[in-house]
Amino acid sequence: MVIRSQIIGAGGYLPARVVTNDELAKQLDTSDAWIQERTGIRQRHIAAPEETAAFMGAAAARSALREAGAGVDDVDAIVLATTTPDQAFPATAVRVQALLGMKRGFAFDVSAACSGFIYALAVADAMLRAGTARSALVIGSEVYSRILDWSDRSTAVLFGDGAGAVYLRAGKGEGLGTDRGVLSTHLHSQGELGDILYVDGAVGRRDRPGTLVMNGREVFRHAVVRLAEAVDEALLANGLDRGQVDWLVPHQANMRIIEAMRRKIALRPEQVVVTVDRHANTSAASIPLALAEAVGDGRIRSGDLVLMEALGGGLTWGSALVRL
Ligand code: UT7
């Protein structure tokens, strides 16, 4: 008998304001055709001033708890992934704790850029299996609109704002691939590649709050290689074959990267959850937002085997294999 972290509910939150490619093309030297062809993005949601990472994270968490039929008293821990926190401290996770009216447990942030959700899931899963907590909210919440250089067409068109969350509860398994819950997580980073995707400042520097800088071509090159490795690693660790994967829920950065992973696992297009067309890249929020959408509309069902993968600034990357 082993402990498994089971996903009991998933939820998401998107700002009401939608910005289309054509709207961006009014202020930038770009076009709807270029953005769609190179990335698959058609539009993105952009946060209003009050829609911070904590505000959106709390909304996504409420939705995940509602789907799970659980309340705040059923939450032992909040692990929140963000690189766009409301404040340097306290952690955005404790702001979410307060917004939820949660009077117990503990909360902290994880910073791993676009891989943040996979990292947060890995940390929460380890805590549940170790008995540190019996349940957890794992949240990804990002407002990249606040760290973009809106005059840089090579990055401004790629990102959007939003939050996603899952509610995890410790359950029992047999230690087999047929168990319900997180089967394994696989984390990697390569610090010497920190300069191909980064924010050139922080709250620790009064002179420079920072905006996002990316060598897109380099990141793309690493993404297709590293994500393919992370997919193989997850399947091998569980003795599972790619034919047993029901769903790919990838980080949503670029449709061309998603397509490369789909072909690698030999899935049909309808087995891949795609939101990049409507959400653009919401960094740590993209996987839980996609998962919440596909669970919510009934595509992903209890018992399905779901493969998640992400790569982002760091470089950081990783994968998770989960049976819903
Ligand atoms: O979530 C974190 C991980 N991030 C990623 O995974 C992103 C990975 N990278 C990418 O998705 C792609 O590299 C991009 C979408 C960022 C760029 O696509 P690309 O096919 O690699 O284009 P490129 O950077 O090679 O640029 C091609 C051309 C350039 O012009 P020249 O030098 O060929 O004359 C750019 O200046 O496209 C130009 N360009 C644009 N044109 C119109 C760059 N951005 C734009 C734009 N509109 N928005």
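Because the structure is predicted, anything quoted here is derived from the model rather than measured.

A. Spatial organisation of the pattern of salt bridges. According to the stated counting rule, one finds 17 salt bridges in the structure shown. Across the pair Asp 29 and Arg 153 runs a salt bridge whose closest N-O atoms are separated by 3.5 Å. Taken as a pair, Asp 29 in the loop between helix H1 (21–25) and helix H2 (32–39) and Arg 153 in helix H6 (residues 153–156) lie far apart in primary sequence, 124 residues in all. A salt bridge links Asp 76 to Arg 104; the nearest nitrogen and oxygen atoms lie 3.0 Å apart. Separated by 28 residues along the polypeptide, Asp 76 in the loop between helix H3 (53–68) and strand S4 (77–81) and Arg 104 in the loop between helix H4 (92–100) and strand S5 (106–110) bring together distant segments of the chain. Its relative accessible area of 35% is what places Arg 104 among the partly exposed residues. Each of the salt bridges in this network shares a partner with another, and the network as a whole consists of Arg 42, Asp 277, Arg 278, Glu 293, Asp 297 and Arg 299.

B. How the structure looks around the sheet that holds S4. Strands sit in the order S1-S7-S6-S4-S5 across an open sheet of five strands; the sheet is mixed. In the strand order of this sheet, the two ends are held by strand S1 (2–13) and S5, each with one partner. In this sheet, neighbouring strand axes are inclined to one another by 20 degrees on average, regardless of whether the strands run parallel or antiparallel. Bridge count between strand S6 (residues 135–143) and strand S7 (residues 161–173): nine bridges; the pairing is antiparallel. Paired with Ser 135 across the strands is Arg 169, a residue of S7. Along the sheet, helix H5 (residues 116–130) makes contact with S1, S4, S5, S6 and S7, crossing S6 at roughly 165 degrees.

C. The arrangement of the site of the ligand in detail. Every one of the 23 residues lining the ligand counts as a neighbour, but Thr 30, Arg 38, Arg 217, Asn 254 and Asn 281 are closest to it. In this structure, a nitrogen atom belonging to the ligand sits 2.6 Å away from a side-chain N or O atom of Thr 30. Secondary-structure elements contributing two or more residues to the shell around the ligand are H2, H6, helix H7 (216–237) and helix H8 (255–265). It is H7 that contributes the most residues to the shell around the ligand, four residues altogether. Classifying every residue of the shell around the ligand gives eleven nonpolar, seven polar and five charged.

D. Structural context of the packing of aromatic side chains. Under the counting rule described, the total for this entry stands at three aromatic pairs. On the numbers, 6.3 Å between centres and 0 degrees between planes, the contact of Phe 106 with Phe 108 is stacked. Assessed through its relative accessible area of 30%, Phe 106 is described here as partly exposed.

E. Broad picture of the packing of H7 against H8. Axis separation between H7 and H8 bottoms out at 10 Å; the angle between their running directions is 30 degrees. Classified by the interaxial angle, the pair formed by H7 and H8 is roughly parallel. Both H7 and H8 take part in a crossing whose hand is right-handed. Contacts from Phe 220, Ala 223, Val 224, Leu 227, Ala 228, Val 231 and Asp 232 in H7 reach Arg 256, Ile 257, Ala 260, Met 261, Lys 264 and Ile 265 in H8. Grouping the constituent residues of the contact of H7 with H8 by class yields ten nonpolar, no polar and three charged.

F. The sheet that holds strand S8 (residues 181–189), seen in detail. Taken together, four strands build an open sheet; the order of strands is S8-S13-S12-S11 and the sheet is mixed. Each having just a single partner strand, S8 and strand S11 (247–250) make up the two edges of the open sheet. Here the strands of the sheet are splayed against their neighbours by 15 degrees on average, with no regard to which way each runs. For S11 and strand S12 (residues 305–312), the ladder comprises four bridges, and the chain directions are parallel. Looking at the pairing, Val 249 lines up with Met 308 of S12.

The rules behind each value
- Residues numbered from 1 in each chain as written.
- Predicted model: local features only at pLDDT ≥ 70, side-chain atom pairs only at ≥ 80, totals over all residues.
- Heavy atoms only, no water.
- Salt bridge = Lys/Arg side-chain N within 4 Å of Asp/Glu carboxyl O.
- Helix = DSSP H or I, 4+ residues; strand = E, 2+ residues; numbered from the N terminus.
- Buried < 20%, exposed > 50% of the residue type's maximum accessible area, 1.4 Å probe, protein only.
- Pairing = 2+ DSSP bridges.
- Axes fitted to C-alpha atoms, helices over the stretch in contact; angles between N-to-C directions.
- Contact = heavy atoms within 4.5 Å.
- Near = heavy atom within 4 Å.
- Polar contact = N/O pair within 3.5 Å; in protein donor to acceptor, adjacent residues only side chain to side chain.
- Nonpolar A, V, L, I, M, F, W, Y, C, P; charged D, E, K, R; others polar.
- Phe/Tyr/Trp six-rings, centres within 6.5 Å; stacked < 30°, edge-to-face > 60°.
- Parallel < 35°, antiparallel > 145°, perpendicular 65-115°, else oblique.
- Left-handed = near helix turned anticlockwise from the far one by under 90°.

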